[in-house]
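Residue strings, one per chain:
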Amino acid sequence: MFWYLVICLLMLYPYAIHRAGLQTGRKTRHIALMIALLILWFFMAFRGIGVGVDTKHYAYVFSQFDQIPFSKVFTAVTYANESENWTFDFEPGYRLVNKLLSLFFTTPQAITVFNSTVILVLWYFLIKRDSPNFLLSVWLFLTLGVYQTEMNVTRNAIAILMVYNAFPYLRSREFPKYLAVCVFASLFHVAALIFVPVYFVVWGMKLHPKRMAVLVGLACVVGVLFPLISPLIISIVPGRFAKYFQRNNEKLGSLIVGVLNGGFFLLTLLLIPKKQRAQVFRRERLGVMLLTINLCFFGLNIGLGYASRMAALFGPYLVILIPRMLSLIGSRSRRTDAAILISALSGVQYVLRMLINNIGGTLPYEFCW
């Protein structure tokens, strides 16, 4: 926990640069953003092999690729541990990345550095383009647990961040370009393909507070009732798909994350003047839809174990959505006060969460040396 508190304190440095820029009239937002993400990159890239549940598995798989010829890059069986009793398969694009890196580097730390670099670069472009409050987005990225989670689900993170960066094509209804990015991202993790139907959901359904609440409520009801029908479904589907319909035995932690996501959205909505609240569902149509899908999957997670993994595909966009919602507040002083309140509350829940939950197996933290 100590090192994560150190990271939080280091965030004061880019914040000070930003404040100095406001006082002198200089444009320092981009510099502050780069420094903030460089700090996060350092701790993500040079973490020890035991930081994160999956880190050691990615490292071990990487160590096998220097012995795999190019002719078998896409077909060779790779193992997650030295016992070789657990296969760890990758999509073609990520397999090729491992092979190319293995031509130049022998240390397994290379794949951790590569993953961290790609993830933070994609976050840089996403925040720079879509967030009206860079440092608030970085702070939410850290304190809402996205940062720690992405230390584990690296292929997943790379793939969905590619799609997030393609959202301008979704907003401008350029489906062929959006589809092309989704397909390319699926070469790193096939879960990216779920964003293809999201395009049609966003433009085919209008959300308002009541409809959003009804959808989430229905998902919770289905989640509660699902264990009653899951044995029937498991008996019908092919064996390899059965695991996706099993009951959830560790749902409390996931439900808390869902409640926190919904709570921060609701609080942000209440901080916006009543006249501007309707604009949230109109101007932030995409972000609200992604959050609704996220909360629905958390509702399903009450009885469907795999649903929390699906929820994780849509939750990170809250990092962008909350600052965009706050930008609708016309009064600058009120907007600043709202951002401070959100920052303080997210910081408090972050500390409490670390005390009761080892986020993604990233505690205790240690460096690779």
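Residues numbered from 1 in each chain as written. Predicted model: local features only at pLDDT ≥ 70, side-chain atom pairs only at ≥ 80, totals over all residues. Heavy atoms only, no water.

Caption draft 1: Representation of a nonpolar patch on the surface. Where nonpolar side chains cluster on the molecular surface, the patch consists of Phe70, Phe74, Leu96, Leu100, Leu103, Phe104 and Phe105 and spans about 730 Å² of accessible area. Mapped onto the fold, phenylalanine 70 is located in the loop between α4 (55–64) and α5 (92–102). A relative accessible area of 46% places phenylalanine 70 in the partly exposed class. (Patch = residues over 30% accessible without salt bridge, like charges linked within 9 Å, V, L, I, M, F, W, Y side chains within 5 Å. Areas by Shrake-Rupley, 256 points an atom, 1.4 Å probe, with all protein chains shown as cover. Salt bridge = Lys/Arg side-chain N within 4 Å of Asp/Glu carboxyl O. Helix = DSSP H or I, 4+ residues; strand = E, 2+ residues; numbered from the N terminus. Buried < 20%, exposed > 50% of the residue type's maximum accessible area, 1.4 Å probe, protein only.)

Caption draft 2: Representation of the nonpolar core in the model. Grouped together as the largest cluster of nonpolar side chains are 119 residues, with contacts concentrated most on Tyr4, Leu40, Tyr147, Phe167, Phe195 and Phe265. For this core, the element with the most residues is helix α16 (residues 285–300), which contributes 10 residues. Setting aside anything within four residues of it in sequence, one finds phenylalanine 195 in contact with Ile160, Val163, Tyr164, Phe167, Tyr178, Cys182, Leu290, Leu313 and Phe314. (Core = buried A, V, L, I, M, F, W, Y, C linked by side-chain atoms within 4.5 Å. Contact = heavy atoms within 4.5 Å.)

Caption draft 3: The state of the cysteines, seen in detail. Following the criterion strictly, the structure yields zero disulfides and no others. Summary of cysteine pairing: cysteine 182 is not part of a disulfide, and the nearest cysteine sulfur, belonging to cysteine 296, is at 20 Å. Given a relative accessible area of 0%, cysteine 182 falls into the buried group. (Disulfide = S-S within 2.5 Å.)

Caption draft 4: Spotlight on the environment of glycine 299. Inspection of the secondary structure puts glycine 299 in helix α16. Classification of glycine 299 as buried rests on a relative accessible area of 3%. Apart from residues lying up to four places away in sequence, glycine 299 is in contact with Ala219, Cys220 and Gly223.

Caption draft 5: Local environment of the side chain of serine 116. Following the sequence through the fold, serine 116 ends up in helix α6 (residues 109–130). Beyond its immediate stretch of four places on either side in the chain, serine 116 contacts Trp41, Met44, Ala45 and Arg47.

Caption draft 6: Representation of unusual backbone geometry in the model. Note that the residue after leucine 363, namely proline 364, is joined by a cis bond; omega there is -5°. Looking at where proline 364 falls in the secondary structure, it is placed in the segment after α19 (332–356). Residue arginine 173 is not a glycine yet carries a positive backbone phi of 60°. Along the chain, arginine 173 falls in the loop between α10 (167–171) and α11 (175–185). For arginine 173, a relative accessible area of 52% gives the class exposed.

What is shown is where atoms sit, not what they do.
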